Every structure is written in structure tokens, then in C-alpha cells.
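Residue-level structure breakdown
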Amino acid sequence: MTPRYVASRLGMLLVTVFASSLAIHGAMFLTPGDPATLLVGGSRNPDPAVLAQIHREYRLDDPFLQGYWHWLGDCLHGDFGRSLVYRDSVADLIGARAGDTLALVGYAAVLVLAAGIAVGTVSALRGGRTETLATGLTAGAMAVPTFVLAVLLIWLFAVRLPWFPVYGSGEGLAGTLSHLTLPAVALAMTWIGYVAQVTRTAVRAELRGEHVETARSRGVPERTVIRRHVLHNASGPVFAVSGVAVAGLIATAAVAEQAFGTGGLGALMIEAASKQDMAVVQAVSLIFVVVFVVLNTAVDLVSAALDPRAAQKGAR
């Protein structure tokens, strides 16, 4: 991994965050009428004094780029403004919900990595009917949307078999695990199939490699061949797809949060959008974009460290 590759990835991160933040801030000015009415919650007859205060606070009378730089600078300092709909600081609203999203995404990530890598590895090593069955099941998992799976899980494990609660995030470790099991499964299932498919392909490709045949011809024990020459060499693409899956969980967490009422950041953004609370929507959207881009950049850098060929392809 060369310094040029690292610099290019970090440069792409900054450009992506800058372009995304510019689009997020500019979206407020694309709607007809006074942007201040969005910040006040889209009220039809807002108080003129309140609108004037919002214009001063959010610098809406400044030139667009000047207002954008002030908004971005405040965000970098953790000041996302104040929600006039929830009547609270946007940073406090985000802080109160962030833990629920982290718990859900963390739970789902464990399921994705454990199940996806295990299914993909076992199916590739055993082959035959095991591989055929695993391929069919993982393809089906990838085809079912999260909201459809959420409905099925609620019907089966909350209505027909009342094993799990379906609303809220619970209290304490046991309560949290119980409440988040169904939303975590619904959120993770698509990515389990994706990780399993890529893992199976990567392991199968290594099994057919000349280095594996050479090691076997030299009498190296099969377990050592699998561990050192197959799984080790397949770790690069598996890690890369695992990182993409975790970033994808963050991007799609809102669906599971809304379906199960866990009250995370995704649910907050949906609620704020329905109430036209633009200050909250902007802040949560910016956080999601930054986290998603940072995770993907970190995955690219670690993947390049594990497999220098990835850095060579990215530098071309």
C-alpha cells in the first residue's frame, strides 16, 4: 500500500463528504418559499418574529456559500442547531437516539459476520449438495427486502410464537438483546446472503489455485493447507465485503428501526422528515454520510494492507 494510494483514498473521502454536505444543505433551498418555514416545521402560518429569528440564527440572508460554510463549521463543532418541532437541541436528540442505532447495527453486524462467513466457508469447502443448498438459501435471503422480512418475523415470532417483543429497544443487556433480536435479523439477512456468496466465491477460487495444489503435492496436511493457503488468502475480499456490509447496515437501519419502533437515528430522521423538521433531517443525514464514507475508506485501506493487489488496482 503506497502513500499515493492512501492519499487518493483520503482525498476521495474529503471530496465525497464535501459534496454530500453541500447537497444536504442545499436541499433546503430547492423547495419553493422561505427555507425558514422548513426549519420551523413547515407551519402554514408561522410567526414572523420566529421566522426573523431563524433567518438570523441560520444566516439564511447570507449568500449561499457563506451560509453553507457557517453551517458546516457549526456541525464540525457539534452544533447542529435547535429543533423547533421537538423544542430541543438537535445534538441532544441525536445523542439520545445514537445508542439504540449503535446497538442494533452492532448486533446485526455480529450476525452478518458470523453467519455469512461461516456459511460461505463451509459451503465452499464441502461443495456438492451443501454448496447448492447454501447458494439457494443465500440468494433467497438477498432477494427479500428488509421490510417484508420484518413483517414475516413479527407474524411468526411475535404473533404466532410470542417469543420476542416487537417494540422498543429494551433495558439492560438481556432486555436489549431480546428486543433487538428480530430487528437485527431483519436488518442482517440480506447482508448475510451477500457476505456468504462472496466468501464462498473467494474460498472456491483459492481452492483452485496453483499454490494449493503445490502445497498438497508436497504433503502439507490438509488442515494447514486450508488455514494458511486458502482461508488466509481469501481473507482480503472477505474483509472487504464484510466492511461494505457493516456500512450498508448503517445506511438501511432506518427500515428496521421504523418497523420495530426501536427509536434510533433512522427512525428519528423519518419522524423529522414527516414533520418537516429540516434541521434534524440535515444533521442525521450528514452523520450517516460521514460514517458510511469513513467506514468504506477504512475498509479500502485495510483491504489494501491485506492484499497489495487491491491497492494496485485502485491506483490505476
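It should be emphasised that the depicted structure is a prediction, and the values quoted were computed from it without experimental measurement.

Moving on: the confidence of the model for the chain. Regions with low pLDDT should not have their predicted coordinates read in detail. Averaged over all residues, the pLDDT of the chain equals 83, while 91% of them reach at least 70. Here helix α13 (residues 308-315) is the element of the chain with the lowest mean pLDDT, 55, and helix α5 (residues 90-126) is the one with the highest, 91.

Another aspect to go through is the side chain of T121. Within the secondary structure, T121 is located in helix α5. Take T121: its relative accessible area is 15%, and that puts it in the buried class. Setting aside residues no more than four positions away along its own chain, T121 makes contact with T199, V203 and L231.

UniProt records the feature "transmembrane region" (unreviewed entry) for residues 12-30, 104-125, 137-157, 177-196, 237-260 and 280-306 in the present numbering. In the segment residues 104-125, helix accounts for 100% and strand for 0%; the C-alpha atoms at its two ends are 31 Å apart. Here residues 237-260 runs as 100% helix and 0% strand, with 33 Å between its end C-alpha atoms.

Further remarks concern the UniProt feature "domain: ABC transmembrane type-1" (unreviewed entry) in the chain. Sequence positions flagged by UniProt for "domain: ABC transmembrane type-1" (unreviewed entry) are, in local numbering, residues 98-299. The annotated region residues 98-299 carries 87% helix and 0% strand content, and the separation between its end C-alpha atoms amounts to 22 Å.

On to the pattern of salt bridges, then. Under the defined criterion, the tally for this structure stands at five salt bridges. Across the salt bridge formed by R200 and E131, the nearest N and O atoms sit 2.9 Å from each other. In this pair, R200 sits in helix α8 (residues 172-207) while E131 sits in helix α6 (residues 128-143), placing the two residues 69 residues apart along the sequence. E131 sits in the buried class, given a relative accessible area of 13%. Of the charged contacts in the structure, one is a salt bridge between E131 and R204, with a shortest N-O distance of 3.7 Å. Here the residue E131 occupies a position in helix α6, and R204 occupies one in helix α8, the gap between them amounting to 73 residues. Beyond isolated ion pairs, a larger network of salt bridges with shared partners links E131, R200 and R204.

Another aspect to go through is the packing of aromatic side chains. Evaluation of the coordinates by the stated rule reveals seven aromatic pairs. Joined through ring pairs, the aromatic side chains of F18, Y68, W69 and W71 make up one cluster.

In this fold, E206 is placed in helix α8. Residue contacts for E206: discarding those within four places in its chain leaves H211, V212, H229, V230, N233 and A234.

Put simply, α6 and α8 touch, their axes get as near as 7 Å, and they point 145° apart. Seen along the crossing, α6 lies across α8 with a hand that is left-handed. Residues E131, T135, T138, A139, A141 and M142 of α6 form the contact with α8, whose participating residues are M189, T190, G193, Y194, A196, Q197, R200 and R204. Residue composition of the contact of α6 with α8, by class: six nonpolar, five polar and three charged.

Our next topic: the environment of V166. Among the structural elements, V166 can be located in the loop between α7 (146-160) and α8. Considering only alpha carbons, one finds V166 and A259, 93 residues apart in sequence, at a separation of 8.7 Å. Here V166 is in contact with I154, A158, L182 and F260, once residues within four sequence places are set aside.

A word on the packing of α7 against helix α10 (residues 222-260). The N-to-C vectors of α7 and α10 enclose an angle of 30°; their axes lie 9 Å apart at closest approach. Put simply, α7 runs roughly parallel to α10. As for the relative orientation of α7 and α10, their crossing is right-handed in sense. Residue-level inspection shows T146, F147, A150 and I154 of α7 in contact with α10, the latter providing V255, A256, A259 and F260. For the contact of α7 with α10, a count of residues per class yields seven nonpolar, one polar and no charged.

The next thing to look at is the nonpolar core. Within the largest apolar cluster, 42 residues are counted, with the highest numbers of intra-cluster contacts made by V112 and L249. Mapped onto this core, the elements with two or more residues apiece are α4 (64-76), α5, α8, α10, α11 (265-274) and α12 (278-306). Residues contacting L249, with those up to four places away along its chain left out, are V105, A108, A109, V112, L187, A188 and W191. With 11 residues, the next largest nonpolar core counts A202, V230, A234 and V238 among its residues.

Rules used in this analysis
Residues numbered from 1 in each chain as written. Predicted model: local features only at pLDDT ≥ 70, side-chain atom pairs only at ≥ 80, totals over all residues. Heavy atoms only, no water. pLDDT = per-residue confidence, 0-100. Helix = DSSP H or I, 4+ residues; strand = E, 2+ residues; numbered from the N terminus. Buried < 20%, exposed > 50% of the residue type's maximum accessible area, 1.4 Å probe, protein only. Contact = heavy atoms within 4.5 Å. UniProt positions renumbered as here; feature names shortened; annotations may be inferred. Salt bridge = Lys/Arg side-chain N within 4 Å of Asp/Glu carboxyl O. Phe/Tyr/Trp six-rings, centres within 6.5 Å; stacked < 30°, edge-to-face > 60°. Axes fitted to C-alpha atoms, helices over the stretch in contact; angles between N-to-C directions. Left-handed = near helix turned anticlockwise from the far one by under 90°. Nonpolar A, V, L, I, M, F, W, Y, C, P; charged D, E, K, R; others polar. Parallel < 35°, antiparallel > 145°, perpendicular 65-115°, else oblique. Core = buried A, V, L, I, M, F, W, Y, C linked by side-chain atoms within 4.5 Å.

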